[in-house]
Amino acid sequence: MKLTVWTYEGPPHVGAMRVATGMKGLHYVLHAPQGDTYADLLFTMIERRNHRPPVTYTTFQARDLGADTAYLFKDACRQAYERFKPEALIVGASCTAELIQDDPGGLAETMGLPVPVIALDLPSYSRKENFGTDETFYQLVRALAKPMERTARPTANIIGPTGLGFRHRDDVEELTGLLSEMGVDVNVVAPMGATPTDLTRLGAAHFNVLLYPEHAETAARYMEKELGQPFTKTVPIGVNATREFLAEVGEITGLDPKVDESRLRQPWWSKSVDSTYLTGKRVFVFGDATHVKASVRIAREEMGFEVVGLGCYNREFARDIRALGKEIGVPALISDDYLEVEKAIEDASPEMILGTQMERHIGKRLGIPCAVISAPVHVQDFPARYSPQVGFEGANVIFDTWIHPLVMGLEEHLLAMFREDFEFHDEAGPSHHGGHAPRPEERAHTGGQPPAPRDIEEPKSDNLGSDVMVWLADAEKELKKIPFFVRGKAKRNTEKYAAEKGMTQISKDTLYEAKAHYAR
Amino acid sequence: MNKPSNIQSASCADAPVLKERGQREVFCGLTGIIWLHRKMQDAFFLVVGSRTCAHLLQSAAGVMIFAEPRFGTAILEEKDLAGMADAHQELDREVARLLSRRPDIKQLFLVGSCPSEVIKLDLQRAAERLTEEHAPHVRVLNYSGSGIETTFTQGEDACLASMVPGLPKTDARELLLVGALPDVVEDQAIGLLSDMGIGPIRVLPAARADGAPGVGDNTVYALLQPFLGDTDAELSKRGAKAIRAPFPFGEEGTTAWLKAIADEFGVDEATFDRVTAAPRARARKAISQAAEALRGKSVFFFPDSQLEIPLARFLTRECGMEAIEVGAPYIHMGLVRPDLELMPAGPTISEGQDVDLQLDRARAARPDLTVCGLGLANPLEAEGLTTKWAIELVFTPVHFYEQAGDLAGLFSRPVRRKEILAV
């Protein structure tokens, strides 16, 4: 038993739903109690889908448990087939149905439906959403894809994009364009947009582009072995990764990997003097492994940031992320415990977080700007405009997205110079972000109501060590003059420095000695 | 013209109910935690369940809105199910850890889920054991919010019902208001009743454990929500007397609800009118403005929050709408009869759901406004129907006079939006 406040991933059957909802002509019959239908709103609300996910739930209730739930399941299967006439069915159980052991796969098999029925075995009490996407896609490929003659022209399948994915829609478009510029046609994109019939044509491609290893690595390995299709190892997110990816495609196909880069603006935007202020910004990177790997590389090589922490929530890729951590000398955090991640970020006190919507919240609490790089997704992660992460346009988009939360170059200096200004003070936040509401604890204190107890404390950084370390009045006053976005770090560094020197009191001099000590 | 007049005068209370038992597109009772944990400020809700439960809570709550939850999920793992770990020991450990981190917690609810019910994890025994262990500081209660037993707002009912047996006994003649409403609305209700000279007035649930109301033979209570059937039964068991009335939505519902209480407490007409006249007039005015876009339009309710029947009564009688179908997850006749009696026969009253069949009916009827859950709203909008997502009716202050205009506004906004958009 493990106490969880927020979760990075849903249960594995939600992964299966992401595959089914991304596809067309596939229907999922899910043995599940009433209430599990909440998952529909992930797609209809967060992703703004204009259709219901193709899922029929048996929605059994307590009174059904004494009777025949297997009959309920078969009924639901029959009705779903008759109503939706899918090209194929996937069947499975959610966490509760797993416990009553009705064996949806076995039941569906006995029904003699005239379309392929693929049984999913997704262990709800040990695995999670990304396992669900990967396993479901693999089972579909295993059941439907067969070796066949290759297309005359060089072609690739793009595998991995699903429903509810972080920018999957635009990534596919960008990648299709890139491949086309190299002279490679796209055979099938799957699961997103594909029908079960399309999956039977997977074998015609010369190779697979494994766009998101989280969702399609098992299928990619299966197709490599059974269909003889190599797959690409580099995920083309970032300038250098995109070039490397193109070189990889060149090696597989023998085509020239040089493509037109005239629309790639990121390198100049990063080199232009306005970006000098980005130098050495300390960032903490957390998310799914694929986006973390890509972001760490972009942060270091293409933005000039310093990565002070990294990690991922999907244990399946722990080894990769640990290796990456080792390579850059930063210990990797592999955890799906939101509170543990928060603690790690607090300890690293970065100047910026590259994370998920969860870390955006952590950032809000700790007063650290955050840009979102990975699922889990929120309605904001489905912008109306074209905004891929992949390829050259993706690199441009990422540059903009990452610098947006920051206080910009000159503004940073102005805040430091005129920190007493009544409207241009450091609590006002970056000026391009509009109004800022007073913080809730201020409202609570002035509103006469006792502040609500909270699960996660306010920035503990300001209190850290204060039980052993005494800040003298002049030092405290001086500390307040430091802009808020670096104040926590200055305080921490000073205390660390003082502790190392065996001091118990901090004066103004200690503050500046520490500043000199840590100067970079 | 030649319709027999006795049919015209019949109300929905006499109409046959269409009972459906197919796929239900509704939340489970765990969802109630989202508002209950804000209302009860020293309570923590610990769901004993699966990753699905945790995912539901954060998806329904919107992970991005509530950053400081007083709820969590103790996720069952394989070893808990395989009997390798004693689930009770595991639970004790997690509770101890939680309570040491949150010393402000005075009430802990162990909330049962589908998996915990199916494996028959005895949370009542656990609650008794843990209450003893953490007495007197924390009281541990339990209820089930599982989808196999509860639908959406029924979770609040189960929670409140679990509190009733533990309420202190009192012989005082007190009015008890039952249901978790936003503070602003609760204060308005108490203000109106106090102005009539009614009191003392107590509320269940109280904001804090030490404010819990007493209950006994002289307690009279009025439900604020139509989904509190089990709580109603528990209060009767404690000897308290129910006041039945239409629910306080809209000017008419609020007046009828207040009047039933006023009559019980012997408030004279003049006093009642003096207290209610001004807010009644305000409510009528606000409704008539907000309802302009609704007059003569048709409405179709998918089952969701149990508020469907009282809201249909409000829309048909005060906003000039015509109801085509009023679906509720289940119908507690004893509680909603006064609302049904006010609604003239005509609409289909349905209980339970077979979602695909119901969608077929809605598509055929092409209502001007469809009230439904989040899973159905965008797909129906894409088919050209105008929808109102029902969950907002649970999360927004909509009871009593001063919110009557807002309530009408929640329904008219999508209709007006449809009219002004030109893309």
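Since this is a predicted model, take the numbers as computed values, not measurements. (Residues numbered from 1 in each chain as written. Chains lettered and ligands numbered in written order. Predicted model: local features only at pLDDT ≥ 70, side-chain atom pairs only at ≥ 80, totals over all residues. Heavy atoms only, no water.)

(A) Seen up close, the overall build of chain A. In terms of helices and strands, chain A carries 22 helices and 15 strands. Taking contacts inside chain A between residues at least 6 apart in sequence as the whole, the part at least 24 apart equals 72%. (Helix = DSSP H or I, 4+ residues; strand = E, 2+ residues; numbered from the N terminus. Contact = heavy atoms within 4.5 Å.)

(B) Local environment of the sheet that holds strand S7 (residues 185-190) of chain A. Residue and element names in this part refer to chain A. One open sheet accounts for three strands, arranged S7-S6-S8; its pairing is parallel. What marks the edges here is a single partner per strand, and that holds for S7 and strand S8 (207-210). When the angles between neighbouring strand axes are averaged without regard to direction, this sheet yields 25°. Relative to S7, strand S6 (residues 155-159) runs parallel, the two being bridged by four bridges. Within S7, the position partnered with Thr 155 by the bridge is Asp 185. Docked against the sheet, helix H10 (residues 213-226) engages S6 and S8, running at close to 160° with respect to S8. (Pairing = 2+ DSSP bridges. Axes fitted to C-alpha atoms, helices over the stretch in contact; angles between N-to-C directions.)

(C) Quick look at helix H16 (residues 357-366) of chain A. Residue and element names in this part refer to chain A. When you tally the buried positions in H16, you get eight out of ten residues, the bulk of the element. Here H16 has its buried residues at Gln 357, Met 358, Glu 359, His 361, Ile 362, Gly 363, Arg 365 and Leu 366. At the N-terminal boundary of H16, the capping side chain belongs to Thr 356, with an oxygen 3.0 Å from the backbone nitrogen of Met 358. (Buried < 20%, exposed > 50% of the residue type's maximum accessible area, 1.4 Å probe, protein only. Polar contact = N/O pair within 3.5 Å; in protein donor to acceptor, adjacent residues only side chain to side chain.)

(D) Local environment of the packing of aromatic side chains. Residue and element names in this part refer to chain B. Under the defined criterion, the tally for this structure stands at 13 aromatic pairs over all chains. With a centroid separation of 5.9 Å and 65° between ring planes, the pair formed by Trp 35 and Phe 395 is classed as edge-to-face. Residue Trp 35 is found in helix H2 (residues 33-39), and its partner Phe 395 is found in helix H17 (residues 391-395); the two are separated by 360 residues along the sequence. Judged by relative accessible area, Trp 35 falls into the buried class, the value being 11%. You can call Phe 395 partly exposed: its relative accessible area is 37%. For the pair Phe 45 and Phe 109, a centre-to-centre distance of 4.8 Å together with 5° between the ring planes defines the contact as stacked. Note that Phe 45 is positioned in strand S2 (residues 43-49) and Phe 109 in strand S4 (residues 107-112), a separation of 64 residues in sequence. One aromatic cluster is present, built from ring pairs that chain together Phe 27, Trp 35, Phe 152 and Phe 395. The residue whose ring lies beneath Arg 173 is Phe 265, and the NZ or CZ to ring-centre distance is 4.5 Å. Cation over ring: Lys 259 sits above Phe 272, and NZ or CZ is 5.5 Å from the ring centre. (Phe/Tyr/Trp six-rings, centres within 6.5 Å; stacked < 30°, edge-to-face > 60°. Lys NZ or Arg CZ within 6 Å of the ring centre and 35° of its normal.)

(E) Up close: the nonpolar core. One finds A:Tyr28, B:Phe45, B:Phe109, B:Leu175 and B:Trp257 to be the most contacted residues of the largest nonpolar core, which totals 177 residues. The biggest single contributor to this core is helix H18 (residues 401-420) of chain B, with seven residues. A:Tyr28 has contacts with A:His13, A:Ala16, A:Met17, A:Ala20, A:Pro54, A:Val55, A:Thr56, A:Ile90, A:Val91, A:Gly92, A:Leu120 and A:Leu122, leaving out every residue within four places of it along the chain. A:Val283, A:Phe305, A:Ile321 and A:Ala395 belong to the second-largest nonpolar core, a separate cluster that totals 56 residues. (Core = buried A, V, L, I, M, F, W, Y, C linked by side-chain atoms within 4.5 Å.)

(F) The interface of chain A and chain B, seen in detail. Contacts between chain A and chain B engage 62 residues on the former and 69 residues on the latter. Together chain A and chain B conceal approximately 5800 Å² of surface at their shared face, both sides included; 58% is due to carbon and sulfur atoms. At the boundary of chain A and chain B, one finds five salt bridges. For A:Arg52, the salt bridge identified is with B:Asp356, shortest N-O distance 3.1 Å. (Buried area = accessible area lost by both parts, 1.4 Å probe. Salt bridge = Lys/Arg side-chain N within 4 Å of Asp/Glu carboxyl O.)

(G) Spatial organisation of the pattern of salt bridges. Applying the stated criterion across every chain, the model contains 56 salt bridges over all chains. For the salt bridge of B:Lys19 with B:Glu351, the shortest nitrogen-to-oxygen distance reads 3.7 Å. One end of the pair, B:Lys19, is in strand S1 (residues 17-21); the other, B:Glu351, is in strand S12 (residues 348-353), with 332 residues separating them in the sequence. By relative accessible area, B:Glu351 is classed as buried at 17%. The closest approach of N and O atoms between B:Glu234 and B:Lys237, which form a salt bridge, is 3.2 Å. Taken together, the residues B:Glu234 and B:Lys237, both in helix H10 (residues 229-237) and three residues apart, mark about one turn of the helix. It is possible to trace a salt-bridge network through shared partners that takes in A:Arg83, B:Asp360, B:Arg363 and B:Glu383.

(H) How the structure looks around the UniProt feature "binding site: [4Fe-4S] cluster" (unreviewed entry) in chain B. Residue and element names in this part refer to chain B. The positions that UniProt labels "binding site: [4Fe-4S] cluster" (unreviewed entry) are, in the present scheme, Cys 28, Cys 53 and Cys 114. Sequence-wise these annotated residues cover 87 residues; spatially they are packed, their C-alpha atoms never more than 9.4 Å apart. Counting through the fold element by element, Cys 53 comes out in helix H3 (residues 51-61). With sequence-adjacent residues up to four places away left out, Cys 53 is seen in contact with Leu 30, Val 47, Thr 73 and Ser 113. Mapped onto the fold, Cys 114 is located in helix H6 (residues 114-118). (UniProt positions renumbered as here; feature names shortened; annotations may be inferred.)

(I) Highlighting the pairing of S2(B). Residues and elements named next belong to chain B. Buried residues dominate S2, accounting for seven of its seven residues. Taking every second residue as pointing to the same face, both faces of S2 are buried, with Ala 43, Phe 45, Val 47 and Gly 49 on one and Phe 44, Leu 46 and Val 48 on the other. Inspection of the sheet shows S2 paired to S4 by six bridges, in the parallel sense. Counterpart to Val 47 in the pairing with S4 is Val 111. Here S2 pairs with strand S3 (residues 71-75) via five bridges, running parallel. Looking at S3, one finds that Phe 45 is bridged to Phe 71.

(J) Structural context of the packing of helix H5 (residues 87-101) of chain B against helix H7 (residues 123-134) of chain B. Residues and elements named next belong to chain B. Interhelical geometry of H5 versus H7 gives an angle of 45° and a closest axis separation of 11 Å. Classed by the angle they form, the pair H5 and H7 counts as oblique. H7 is crossed by H5, and the crossing has right-handed handedness. Residues His 88, Leu 91, Asp 92, Val 95, Ala 96 and Leu 99 of H5 lie in contact with H7, whose contacting residues are Leu 123, Arg 125, Ala 126, Arg 129, Leu 130, Glu 133 and His 134. For the contact of H5 with H7, a count of residues per class yields seven nonpolar, two polar and four charged. (Parallel < 35°, antiparallel > 145°, perpendicular 65-115°, else oblique. Left-handed = near helix turned anticlockwise from the far one by under 90°. Nonpolar A, V, L, I, M, F, W, Y, C, P; charged D, E, K, R; others polar.)

(K) Region of interest: the confidence of the model for chain B. All names here are of chain B. Taken as a whole, chain B shows an average pLDDT of 93; of its residues, 96% reach a score of 70 or greater. Long-range and interchain partners of residues 1-8, a stretch whose pLDDT sits below 50, account for zero contacts in this model, where long-range means more than four residues apart. What the predictor reports for the complex is a pTM of 0.90 with an ipTM of 0.93. (pLDDT = per-residue confidence, 0-100.)

(L) Inspection of the environment of B:Val415 at higher detail. By secondary structure assignment, the location of B:Val415 is in helix H18. For B:Val415 and B:His88, which are 327 residues apart along the polypeptide, the C-alpha to C-alpha distance reads 52 Å.

(M) How the structure looks around the sheet that holds strand S4 (residues 88-93) of chain A. Residues and elements named next belong to chain A. Across the sheet, four strands lie side by side as S3-S2-S4-S5; this open sheet has parallel pairing. Because the sheet does not close on itself, it has two edges, and the strands there are strand S3 (55-57) and strand S5 (117-119). Strand after strand, the sheet turns through a mean of 20° between neighbouring axes, direction not considered. As paired strands, S4 and S5 are joined by three bridges and run parallel to one another. When the bridges of S5 are listed, Ile 90 appears paired with Ile 118. Against the sheet, helix H7 (residues 129-144) contacts strand S2 (26-31), S4 and S5, and its axis sits at roughly 135° relative to S5.

(N) Representation of the confidence of the model for chain A in the model. Of all residues in chain A, 88% have pLDDT values of 70 or greater, and the mean over the chain is 89. Low pLDDT, under 50, characterises residues 436-466 of chain A; the predicted model gives this stretch 44 contacts beyond four residues in sequence or across chains.

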